[in-house]
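Take a look at the letters that make up each chain.
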Amino acid sequence: MSQTQPLRQRPKVRIINFSSIGLPAENQLFLDRKDVPESLKYLRKYADLPYVYVVSGKDRERISELLRQLQAIRSTCYPYALFLTEGQPGFEDQQDLDIITVATPTAENIVEAIDRYADAKFTFDKTRLKNNNTSPLPDDVGVLIVGGGITALYAAERLADKRISFCIVEKRDILGGIWSQYANSTSQVNTSEGAYRLIEKKVRSNRDHSSTSEVLEDLCHLSEKHKDSIFTQTEAEHIEKKDGRYQTRVIRNGKPVAIRSKGVILAVNDRVGTPRQITWENQHLFKGIVFSGISDESKEVNWQDKKVVIVGMGAFAIENTRTALENGASHVTVVCRRHGTVCPKIIDYLNFSTPYDDKFEHERKSNIRNMMLWKKLYDQSGATQPECWMGKIKHEGHTISVSDIWFIAHYLKKLETATGSITGLYEQGVVVDHRKKIEADIVVNCVGFLRNAPAVKKMIDYEEMYNNNYIDKDLMYLADAYIDDDVFNSFFGSSVLEMTKFYMDVYIDFFDNPEYEKMIQSDGIEKISINDRRWSHYIAGADALIKNYPRYYEVAKAQIDQRTANFHEAHDLETYIAENKREWLATHTLLNGAPLAETACLPYVFEKLIEKKNI
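Rules behind the numbers
Residues numbered from 1 in each chain as written. Predicted model: local features only at pLDDT ≥ 70, side-chain atom pairs only at ≥ 80, totals over all residues. Heavy atoms only, no water. Salt bridge = Lys/Arg side-chain N within 4 Å of Asp/Glu carboxyl O. Helix = DSSP H or I, 4+ residues; strand = E, 2+ residues; numbered from the N terminus. Buried < 20%, exposed > 50% of the residue type's maximum accessible area, 1.4 Å probe, protein only. Pairing = 2+ DSSP bridges. Contact = heavy atoms within 4.5 Å. Expected span 1.5 Å × (residues − 1).

**A short note on the pattern of salt bridges**
Counted by the stated rule, this structure contains 43 salt bridges. With its nearest N and O atoms 2.7 Å apart, the salt bridge here joins Arg14 to Asp48. Linking Arg14 in strand S1 (residues 14–17) with Asp48 in the loop between helix H1 (36–43) and strand S3 (51–55), this pair joins segments that are 34 residues apart in sequence. Between Glu463 and Lys457 there is a salt bridge, with the nearest N and O atoms lying 3.2 Å from each other. Lys457 gets classed as buried once you look at its relative accessible area, which sits at 19%. Overlapping salt bridges, with partners in common, bring together Arg74, Glu193, Arg197, Glu200 and Glu569 in one network.

So, in structure tokens, the structure goes:
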């Protein structure tokens, strides 16, 4: 079996063809018979791919109005480029839009120009995240940020807004954290876009469950903005407190350097550390291929017509399942010790977009309704529910993965799960629990990561910290943590970025502020072990701050209001369901290899949400 054939290429863009030239390209939409309001409603059902428009220049007024309305809601349907086939552009007033004139506008030339553009625009070059700052490290700075991922770059942006001096030290030669180190090109954010928004863009938001390239593009924007304060290949070794300030010993170019600072933010991921390594008995006998499901190890794999075994059931396992199925795998078996929780996209959307009460909780009746629809989807699809249901939403230590294809593929008998542990391989596949054999051409190892808390513990002379992320005055541990029980029933939802946004408000308020001592003694602020830091801890810490400080009630409310507005601006419930159902049916066609009548598809039960709303 070939190990180097590329996976089946799916279209990178969706094309709206306003010209009279027929294009031999997939994913075209035609709006010639629709007015602007109709066009807007129609387009928003197709928000899963970036757009380009092919225009002749003759329909300038109508297209310009459509662009203005898409821009007004920062829709992902706003194009990245206009490919002009004739006439003068006339779109100079449009923002963030490339105008490309096709000199000889034949069908083949237009498609070739679009392909070239898409390859360049939507394939992120990670070398752009390499920071070449050769300036000396500062001797003294307001805040030292350790780490160069999402949390660090967001913190830098907030500190810069408040004119608090800072520098970032990152031990790798590249920024981006786990998104540049472990994410695959096919990865998507496991949280709905409105709750994972790094940058408020003026023209178009990122797509829902944003792609790796979109996340890296945003990180690149922030790294460029603050490049003079970022130092890569600089490792923080030890942090100690002296005379009310912090002194950090870092290693740069093999030499120790000391940086003094008023404060320190440890933006070092706790939950995702070193990937677990595993080799199975008789692995050398296996005639297929074995690889890890991280860091683009699957990039050159040919999935077409292959039997695939995915080992594990965390977020990377669900992602690799989707990738295999979308790229033509004949069947996927997920082998897991216990079933992780998977939710459809609409449930994740509702978790963030529906109103909260004064206690930052969702209405109980709505929660029960959503759970019943979710359970019905499990029952109708044939997917196995998590063993902890209905007592708990998920297992201890697990996240909740978001995937529609998980349920659809089960329904179409292209996906199944097997509980147990792989105890060896044989020529044609894997052995589970020394007895059950499963045939496979491809085995993907998605067994997760070791925790990274010990890495932070080595840097600091503290055994304990507080449940509101503080270790000491102006010293905050601001990163993802162990996911324990019932952690998604807070206003943070499943988003570490939402947690970071709230706690950066806290950090800035109490930075170099004597009121810190009073705050840290507040009711509900408790000490915890650094090595046992959990999501439930900093949720409880946030609850305590909100209870004791009216300002933080307002901070949380403003954060939720902004997030909800972002969701509803891009897609209100009716729009989201229309888009989600269209994708739902299209996924059946993709997996089946031919269109399926809606009556033959897994029922889309969530339209009832609109019916309830309209009563």
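**Concerning the pairing of strand S20 (residues 436–439)**
Across 4 bridges, the pairing between strand S19 (residues 429–432) and S20 is antiparallel. By the bridge assignment, Val431 is partnered in S20 with Lys437. The antiparallel hairpin formed by S19 and S20 contains 3 residues in its connecting segment, where Asp433 sits at a positive phi of about 55 degrees.

**What about the environment of Ala329?**
Residue position: Ala329 is located in the loop between helix H7 (315–326) and strand S14 (331–336). Discounting chain neighbours no more than four positions away, the residues touching Ala329 are Trp303, Asp305, Lys306, Val308, Ala324 and Lys414.

**Things to note about helix H14 (residues 535–548)**
Taking 1.5 Å of rise per residue, the 14 residues of H14 would be expected to cover 20 Å, and the 20 Å separating its terminal C-alpha atoms lies within 8% of that figure. For H14, the complete set of buried residues consists of Trp535, His537, Tyr538, Ile539, Gly541, Ala542, Ala544, Leu545 and Ile546. Structurally, H14 contributes buried residues whose contacts are with helix H12 (496–510), helix H13 (516–520), strand S25 (527–529) and helix H15 (550–570).

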